[in-house]
Amino acid sequence: MSDLAVTTATSDLQDRGVQLSPQGQLLILVLDMNPNQAFFTKQPEALFHWLDSALGLAHSHLMLHPNNTIAAIASHSQSCSFLYPSQNPELHENSSLRQRDGQFEGFYQMEAIIRREVSRILLQEVQPSVQVTSDSLLSGALSQALSYVNRKRHEISVAENLVARILVMSASGDTATQYMNYMNVFFSAQKMNVVIDTCMLEKDAGLLQQGADITGGVYHRVQAKHFPALLQFLTWIFLPDTNLRDALSLPSMDRVDYRAACFCHRNLIDIGFVCSVCLSIFCKFSPICTTCHTVFKTPGPLPGMKRKAVPSSQ
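Predicted model only: the values in this text are computed from it and were never measured. (Residues numbered from 1 in each chain as written. Predicted model: local features only at pLDDT ≥ 70, side-chain atom pairs only at ≥ 80, totals over all residues. Heavy atoms only, no water.)

Q: Whenever I open this one, the nonpolar core confuses me. Can you help?
A: Within soluble globular proteins, side chains that are nonpolar generally end up buried alongside one another. Ranked by size, the top nonpolar core spans 44 residues in total, and within it Ile28, Leu142, Ile166, Phe186 and Leu208 carry the most contacts. Of all the elements, helix α6 (residues 138–155) adds the most residues to this core, at seven residues. Among all residues touching Ile166, those that are not within four sequence positions of it are Ile28, Val30, Leu142, Ala145, Leu146, Val194, Val195, Ile196 and Asp197. Grouped together as the second largest cluster of nonpolar side chains are 41 residues, Leu31, Phe39, Leu47 and Met169 included. (Core = buried A, V, L, I, M, F, W, Y, C linked by side-chain atoms within 4.5 Å. Buried < 20%, exposed > 50% of the residue type's maximum accessible area, 1.4 Å probe, protein only. Helix = DSSP H or I, 4+ residues; strand = E, 2+ residues; numbered from the N terminus. Contact = heavy atoms within 4.5 Å.)

Below, the structure is given as structure tokens:
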């Protein structure tokens, strides 16, 4: 593309009220690498295509701006792990992680470290001693992502403002047992001006849909029949800068599932009972709040209404 074309495109975006970021952005990928997810139990080889698509998005993000940075966190059934930057400094200093076949050295190093850490996690997940569950600790991975953003912002000068966003990729569906953790993460991200995007595969996740709506992110569910084109969905919907999204025709959420999870059974409910002291939600009436131990008066029967005596006609 010529300089004239770039200048014309930039001025056109500015005329439409789009502010281009002069500095790079931090993109944090939160990858659900639990092999016990329903979609991956039916197609185990699909997990590698899942990872390849995420790495393709990471490479595209780094090529958009010379100051763009990337981070990746894996969420699985047992814990959450940082994939990149790795917590093991020896991996970054490994002399064997050099460019191959003309690939840019930074891209190859990031890809090799992430693949090595994912292989280690998957080997842990298939151990006989590990309990088989499709639930992943996504809320914990999101908490780690926000902590990483907070640390990076303290490392730079006050004049600079680190723009960060989080992309969650999962096929687990709803996890109501982590409701409170999710809500804490979503409102913390809103206060930190960190956008949370979500790309779900096959299943919907109402809580992650709420998080995208609260933080101003994008939520999209990729159907199973479109899984081979996952990279196209990622680059089309989640690659553009948050400032550019208003100028693009991106899919919108027609309806946001704002159901809350009850504190007693961790089920998503439409109608329930709310504690007037601590705002805990219950699906059935309880005389004592299990959260703050407030005692409520048991609702008695409704007082009977006296009927007017009808004079007998004689």
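After that view of the structure, there is still more to cover.
Q: What's the story with the sheet that holds strand β2 (residues 69–75) in this structure? I'm lost.
A: Adjacent strands of a sheet form backbone hydrogen bonds with each other and so pair up, either parallel or antiparallel. Taking strand neighbours across the sheet as the criterion, the six strands line up as β3-β2-β1-β4-β5-β6 in an open arrangement whose pairing is mixed. Sheet topology places β3 (80–84) and β6 (219–222) at the edges, where each strand pairs with a single neighbour. This sheet shows a mean twist of 20° between the axes of neighbouring strands, independent of strand direction. The sheet contact formed by strand β1 (residues 25–32) and strand β4 (residues 163–170) spans seven bridges and is parallel. Bridge pairing links Leu26 to Ala164 in β4. Here helix α8 (residues 206–215) sits on the sheet and contacts β4, β5 (195–201) and β6; the angle it forms with β5, its principal contact strand, is near 150°. (Pairing = 2+ DSSP bridges. Axes fitted to C-alpha atoms, helices over the stretch in contact; angles between N-to-C directions.)

Q: Please explain the environment of Val30 as it appears in this structure.
A: Residue position: Val30 is located in strand β1. When the C-alpha atoms of Val30 and Ile166 are compared, they prove to be 7.1 Å apart, with 136 residues separating the residues in sequence.

Q: Would you mind going over the packing of aromatic side chains with me for this structure?
A: When we look at a pair of aromatic rings, we describe it by the centre distance and by the angle of the planes. For the structure on display, the rule yields seven aromatic pairs. With a centroid separation of 5.6 Å and 80° between ring planes, the pair formed by Phe39 and Phe40 is classed as edge-to-face. For Phe39, a relative accessible area of 2% corresponds to the buried category. Taken together, a centroid distance of 6.0 Å and an interplanar angle of 70° make the contact between Phe273 and Phe285 edge-to-face. (Phe/Tyr/Trp six-rings, centres within 6.5 Å; stacked < 30°, edge-to-face > 60°.)

Q: Got a minute to help me understand the pattern of salt bridges in this structure?
A: Opposite charge on two side chains lets them pair, provided their charged atoms get close. Counted under the stated rule, the structure contains nine salt bridges. The salt bridge partner of Lys42 is Glu202, with a shortest N-O separation of 3.5 Å. Placement of the pair is Lys42 in helix α2 (residues 38–42) and Glu202 in the loop between β5 and α8, with a sequence separation of 160 residues. With a relative accessible area of 28%, Glu202 lands in the partly exposed category. Here Arg151 makes a salt bridge to Glu155, at a shortest N to O gap of 3.1 Å. Remark: Glu155 and Arg151 occur in helix α6; sequence separation between them is four residues, near one turn of the helix. On the basis of relative accessible area, Arg151 is assigned to the partly exposed category, the value being 46%. Assessed through its relative accessible area of 48%, Glu155 is described here as partly exposed. Residues joined in a network through salt bridges with shared partners are Asp52, Glu111 and Arg115. (Salt bridge = Lys/Arg side-chain N within 4 Å of Asp/Glu carboxyl O.)

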